[in-house]
Amino acid sequence: MVDANSTSEADSIDSAKAFTYANFRNYLFARFFTTLAVQMQSVAIGWQVYAATGDPLDLGLIGLAQFLPFIILVLPAGQIADRMNRKLILMGCYAVETICAILLLSFTLSGMTEVWPVFAVLVLFGGARAFAMPTSQAITPNLVPRVAFPNAVAINSSSSHVATIAGPALGGVMYVAGPEVVYSTVGIVLAVSVFLMARVRLPQVVRSNEPATWHTVLEGLRFIQSRPVILGAISLDLFAVLFGGAVALLPAFASDVLKIGPEGLGILRTAPAVGAMLTGVVLAYYPIERQVGRWLFGGVAVFGLAILVFGVSSSFFLSLAALTVMGAGDMVSVYIRHLLVQLETPDEIRGRVSAVSAVFIGASNELGEFESGATAAWFGLVPAVIVGGIATLGVTAIWVRIFPVLYSMDRLPGQQKV
């Protein structure tokens, strides 16, 4: 089996610079444009749906519509990522997302007054994400040598957050001209992603011809269960972000609390990504090498505290600062979790392990959005966010007790045995 990880770590010092590898660059830009387009689209969908109904529960349903197909398909998708060409899978996923943008454009041009067609498109979009997420995580180690992988993770995360910064801002500005402008631009950008992904060349890998069964599908879950450090890291992210889904309520906060328009919403949506991007740049040059466990829990704790500040704020600039700090804390935990999962996992099951990790991430994001929308409908916007921040801090404290080996971990895998 040929794997980029098998490349000698005695390569020149340039081998630590992931951006020098053409395949990684093509993949990086394809993922960047995909993230940019999806973020632009999310602003348009959130504002369009809330403007049509005025119900914060519908903002939660946006997340739920994507989560349900995701949770059903992601484990089989991990199996497919371990058996088929990962490049072709990602090309197909980006093509389906392009179709989703075209459908949203057609609905808008037809003068849509009901929101259920949007939810139907998001179900299709969630299905595409179910295949894209584990495949995208599993493909990165195939594009660079092992010595360059931490650098690749930092660059990948930073570029993704740059797209997350630019996407909502662009989407908010374009929305002033109409949602149809946003959706048509999104369709073009996603088509560019398909083209860039087609330029990626993967090393020849001998895939398993073992019959696909539920036993093999669940191999990733068994692997994670046998690694308490990995289980603790991804479950911490699940429950912390599940209760801290304040971002889903930003359209309502922008409209009802802060009294700003879609342009202001776009700026708010960029704030977490600004914090995450700046943190990612720092990590690319100064990676975390010691007291990894404490950094992980510290990042989640900062995330929870920032949510509390955002919840009590009625100032646009204080809210902006809180969201920026929230993104920085989240980036630290994402960086460490991703390194733990990928460095500990053999390539032959990396897709399935990434699929299980994606279940946790998807549950925390989309299900967290639904939880935030539901609690906001029941208790009000501000109480829902405050309770979410407190719950995130509580989860952090509990996980320190449940996974002491994770909290006390000093170095990442490959540096020192935990």
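Above this text is the structure in question.
Computed from a predicted structure; not experimentally measured.

A. Summary view of the overall build of the protein chain. Scanning the protein chain from terminus to terminus reveals 16 helices and 0 strands. Per-residue burial over the protein chain gives 56% buried out of 418 residues. A separation threshold of at least 6 residues defines the contact pool for the protein chain, and within that pool the share at least 24 residues apart is 88%. As displayed, the protein chain has an accessible area near 16,400 Å², and 68% of this comes from carbon and sulfur atoms.

B. Focus on the side chain of K87. Along the chain, K87 turns up in helix α3 (residues 86-109). Taking the relative accessible area as the measure of exposure, K87 reaches 13% and is therefore buried. In this structure the side chain of K87 is engaged in a polar contact, spanning 3.0 Å, whose partner is the backbone oxygen of A198. Side-chain polar atoms of K87 contact the backbone oxygen of V200, separated by 3.1 Å. With residues up to four places along the chain from it excluded, the contact list for K87 reads I139, M197, A198, V200, R201 and L202.

C. Quick look at a nonpolar patch on the surface. A cluster of nonpolar side chains, namely V281, V282, Y285 and Y286, defines an oily patch on the protein surface of about 480 Å² accessible area. When you line up the elements, V282 lands in helix α11 (residues 262-285). Among the residues examined, V282 registers a relative accessible area of 47% and is labelled partly exposed.

Conventions and cut-offs
- Residues numbered from 1 in each chain as written.
- Predicted model: local features only at pLDDT ≥ 70, side-chain atom pairs only at ≥ 80, totals over all residues.
- Heavy atoms only, no water.
- Helix = DSSP H or I, 4+ residues; strand = E, 2+ residues; numbered from the N terminus.
- Buried < 20%, exposed > 50% of the residue type's maximum accessible area, 1.4 Å probe, protein only.
- Contact = heavy atoms within 4.5 Å.
- Areas by Shrake-Rupley, 256 points an atom, 1.4 Å probe, with all protein chains shown as cover.
- Polar contact = N/O pair within 3.5 Å; in protein donor to acceptor, adjacent residues only side chain to side chain.
- Patch = residues over 30% accessible without salt bridge, like charges linked within 9 Å, V, L, I, M, F, W, Y side chains within 5 Å.
- Salt bridge = Lys/Arg side-chain N within 4 Å of Asp/Glu carboxyl O.

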